[in-house]
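Observations on chain architecture
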Amino acid sequence: MAAFNAITDFHFVQISTIFMIVYWSGMKLSLSLSMIACDAKYQVIPGHSACLAKSSLASNSGVSSADQTLIVNKHNQYRGQVTPEATDMLKMSWDTYVAAVAQAWADNCNFTHDGGYQRTIPGRYSTGQNLGMATGQPALAWDSVVTMWYNEVNKFVYNSSSNVFSNIGHYTQVIRNGAGQVNTPYTSGPRCQRCGTCTNGLCDCGNADCMNGGTFNLTTCACICRKQTFYVKPHCGLNCTGITQTSTCGKSPYDSAGCAIYSNVPEDCPDTCGFCPAADSTVNGQIVLPGSADDVKVKFTSLIGLLLLASSIQALF
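Throughout this document, residue positions are counted from 1 along each chain, in the order its sequence is written. A pLDDT threshold of at least 70 governs which residues receive local features in this predicted model, and a stricter bar of 80 or more applies before side-chain atom pairs are shown or counted, although totals over entire chains, interfaces and linings include all residues. Hydrogens and water are ignored here; the side-chain numbers use all heavy atoms of the structure.

Thoughts on the overall build of the protein
Strands here mean DSSP runs of E at least two residues long; helices mean DSSP runs of H or I at least four residues long; both are numbered from the N terminus. For the protein, the helix and strand inventory stands at 8 helices and 13 strands. Only protein chains enter the area calculation, which uses a 1.4 Å probe; residues under 20% of their type maximum are buried, those over 50% are exposed, and those in between are partly exposed. When the 317 residues of the protein are sorted by exposure, 47% land in the buried category. Contacts are assigned to residue pairs with any non-hydrogen atoms lying within 4.5 Å of each other. Residue pairs at least 24 apart in sequence account for 70% of intrachain contacts in the protein once pairs closer than 6 positions are excluded. Split by element, the accessible area of the protein, about 14,600 Å² in all, is 56% carbon and sulfur. Throughout, the Shrake-Rupley method with a 1.4 Å probe supplies accessible areas, and for residues the shown protein chains are the sole cover considered.

Next up, the structure:
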């Protein structure tokens, strides 16, 4: 019989879930089938989880596409049936960037939380985390894992200061909506009242995405970006070209030390935190989405740059 253990970290505004290889950020639930390279945007953060070496203990890592769908659907099932009803609960979908970092941390085989800053996707998301581990045979089914997290609902009272985080943290991770708080993880009210399109009790914006603290206009599914001019529509991506930050950037706590401590500092001062230009998510001022032709082009160009750098270093010797 399989045994299950779980811990949770609820530090950041946007959240993620991990069962060894599961994350979700904002409304993006994510897993990965393979470990990513430690590319430039992760190297600006010391000890980033994407840059960890895979443990010799890791084997058979990754999740099938069928299980990916199962996990997303299970989260959405529970999110759509919360009590009290949610007026603005967003439907979740998949994100490859968050997925790859989750896989890298899982492949590290360390059953503790990584640091919140160490799992940040520069220029895109900051995330929280659920973590679980199962032992024994048969292997625990993925939907059973999500259900175990969700079952903490029995200890949760909406909008009650008597909630004990250690008893409800996994549940609130599963059903938390955007910037919702621990005791009020979503807005209560008639189900889907604020949604432009409602699917099974959820505001359905398809695979749309709002990055860098951007939020959805739930009627139109358009992104409402932060006020900084370097976050550009339609998805609030980071545009490093000619970036101009406020005068507070570079001054404590909005300095390089604050980048690792406060989740809002990297979003307010991405250049101070070293995110530019490596985390720029635009091509000619237009947002690049994961998996798009331009995304592949950017990665390919970055690879050429690394190869040229390696050749230059070799030539020096």
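On we go from here.
Structural notes on the nonpolar core
Residues grouped as a nonpolar core are buried Ala, Val, Leu, Ile, Met, Phe, Trp, Tyr and Cys residues, joined through side-chain atoms within 4.5 Å. If you look at the biggest cluster of nonpolar residues, it comprises 19 residues, and the most contacted ones within it are V82, M89, Y171, I175 and Y186. Going through the elements one at a time, α2 (65-79), α4 (142-150) and α5 (165-175) are the ones with two or more residues in this core. The dominant element in this core, judged by the number of residues it contributes, is α4, at 5 residues. Discounting chain neighbours no more than four positions away, the residues touching Y171 are V82, W149, Y150, E152, V153 and F156. Counting residues in each nonpolar core, the second largest holds 13 residues, with L238, C240, V265 and A279 among its members.

A word on the state of the cysteines
Defined by distance alone, a disulfide is two cysteine sulfur atoms within 2.5 Å. Counted under the stated rule, the structure contains 9 disulfides. Residue C210 pairs covalently with C223 via a disulfide, S to S 2.1 Å. Residues C210 and C223 share a disulfide whose torsion about the S-S bond is about -95 degrees; that sign makes it left-handed. With C210 in the loop between β7 (202-203) and β8 (215-216) and C223 in strand β9 (residues 223-224), this residue pair connects regions lying 13 residues apart in the sequence.

Examining the environment of G196
Looking at where G196 falls in the secondary structure, it is placed in the loop between α5 and β6 (198-199). Each C-alpha atom, one on G196 and one on T220, is 6.2 Å from the other, the two residues being 24 residues apart in sequence. Those residues in contact with G196 that sit more than four places away from it in its chain are L218 and T219.

Structural notes on the confidence of the model for the protein
This prediction gives the protein a mean pLDDT of 80; 77% of its residues lie at or above 70. Confidence drops under pLDDT 50 across residues 30-36; counting only partners more than four residues distant or on other chains, this segment forms 39 contacts. Scored from 0 to 100, pLDDT records how confident the predictor is in each individual residue. Of the regions scoring below 50 in pLDDT, residues 290-317 engages in 12 contacts with residues more than four places distant in sequence or in other chains.

Overview of the pattern of salt bridges
We define a salt bridge as a contact between a side-chain nitrogen of Lys or Arg and a carboxyl oxygen of Asp or Glu at a distance within 4 Å. Counted by the stated rule, this structure contains 7 salt bridges. Ionic pairing is found between D39 and K41, a salt bridge with its closest N-O pair at 3.2 Å. Residue classification places K41 among the buried residues on the basis of a relative accessible area of 11%. When the shortest N-O distance is used, the salt bridge between R119 and D114 registers 2.8 Å. Residue R119 shares its accessibility class with D114, and that shared class is buried.

Describing the packing of aromatic side chains
Side-chain rings of Phe, Tyr and Trp, where Trp is taken by its six-membered ring, are said to pair if the distance between their centres is within 6.5 Å; with planes under 30 degrees apart they count as stacked, over 60 as edge-to-face, and otherwise as tilted. Under the criterion given, the structure shown has 5 aromatic pairs. Summarising the aromatic geometry, the rings of Y150 and Y171 are spaced 5.5 Å apart at their centres and angled 65 degrees between planes, so their arrangement reads as edge-to-face. With Y150 in helix α4 and Y171 in helix α5, the pair connects residues that are 21 residues apart, well separated along the chain. A residue is classified by how much of its surface remains accessible, and Y171, at 0% relative accessible area, is buried. Considering the side-chain rings of F230 and Y231, the 4.9 Å spacing of their centres and the 70 degrees angle between planes classify their relative orientation as edge-to-face. No difference in accessibility class separates F230 from Y231, as the two residues are buried. Lying across the ring of Y97, R124 places its NZ or CZ 4.1 Å from the centre. Think of it as a cone above the ring: NZ of Lys or CZ of Arg counts as a charge over the ring if it is within 6 Å of the ring centre and within 35 degrees of the ring normal.

Description of α2
Spanning 15 residues, α2 covers 21 Å between terminal C-alpha atoms, matching the ideal 21 Å at 1.5 Å per step. Residues of α2 that are buried: Q68, I71, V72, K74, H75, N76, Y78 and R79. Expected span of a helix: the number of residues minus one, times 1.5 Å.

Regarding the environment of T172
On the secondary structure map, T172 appears in helix α5. Between the C-alpha atom of T172 and that of P185, which follows or precedes it by 13 residues, the distance is 6.4 Å.

Points about empty space enclosed by the protein
Cavities and pockets are defined on a 1 Å grid built over the protein atoms alone: a cavity is a set of grid points where a 1.4 Å probe fits but cannot escape, while a pocket is an open set with protein on both sides within 12 Å along at least five of seven lines, and lining residues are those with an atom within 4 Å of any such point. Grid points are joined across faces, edges and corners, and a volume is the space filled by probe spheres set on the points. For the structure on display, the rule yields 1 cavity of 30 Å³ or more. Its volume calculated, the largest cavity comes out at about 100 Å³.

Points about α4
Every buried residue of α4 is accounted for by W142, V145, V146, W149 and Y150. Viewed end-on, α4 has its buried residues packed into an arc of 140 degrees, placing them on one side of the element. The directions considered for the arc are those from the helix axis to the C-beta atoms.

Some words on the side chain of D88
In this fold, D88 is placed in the loop between α2 and β4 (93-94). Here D88 falls in the buried class, since its relative accessible area comes to 8%.

Thoughts on the packing of α2 against α4
Lines fitted to C-alpha atoms define the axes, with helix axes restricted to the stretch in contact, and inter-axis angles between N-to-C directions lie between 0 and 180 degrees. Contact pair α2 / α4: the axes reach a minimum separation of 9 Å and the direction vectors enclose 25 degrees. Considering the angle they form, α2 stands roughly parallel to α4. The crossing of α2 and α4 is right-handed. Contact residues: α2 offers D67, L70, I71, K74, H75 and Y78, while α4 offers W142, D143, V146, T147 and Y150. Under the convention adopted here, Pro, Cys and the residues Ala, Val, Leu, Ile, Met, Phe, Trp and Tyr are nonpolar, Asp, Glu, Lys and Arg are charged, and Gly plus all remaining residues are polar. Its residues assigned to classes, the contact of α2 with α4 comprises 6 nonpolar, 2 polar and 3 charged. Oblique is the label for any angle not under 35 degrees, not over 145, and not in the 65 to 115 range, which are roughly parallel, roughly antiparallel and roughly perpendicular in turn. Note on convention: the crossing is left-handed when the near helix lies turned anticlockwise from the far helix by less than a right angle, right-handed when the turn is clockwise.

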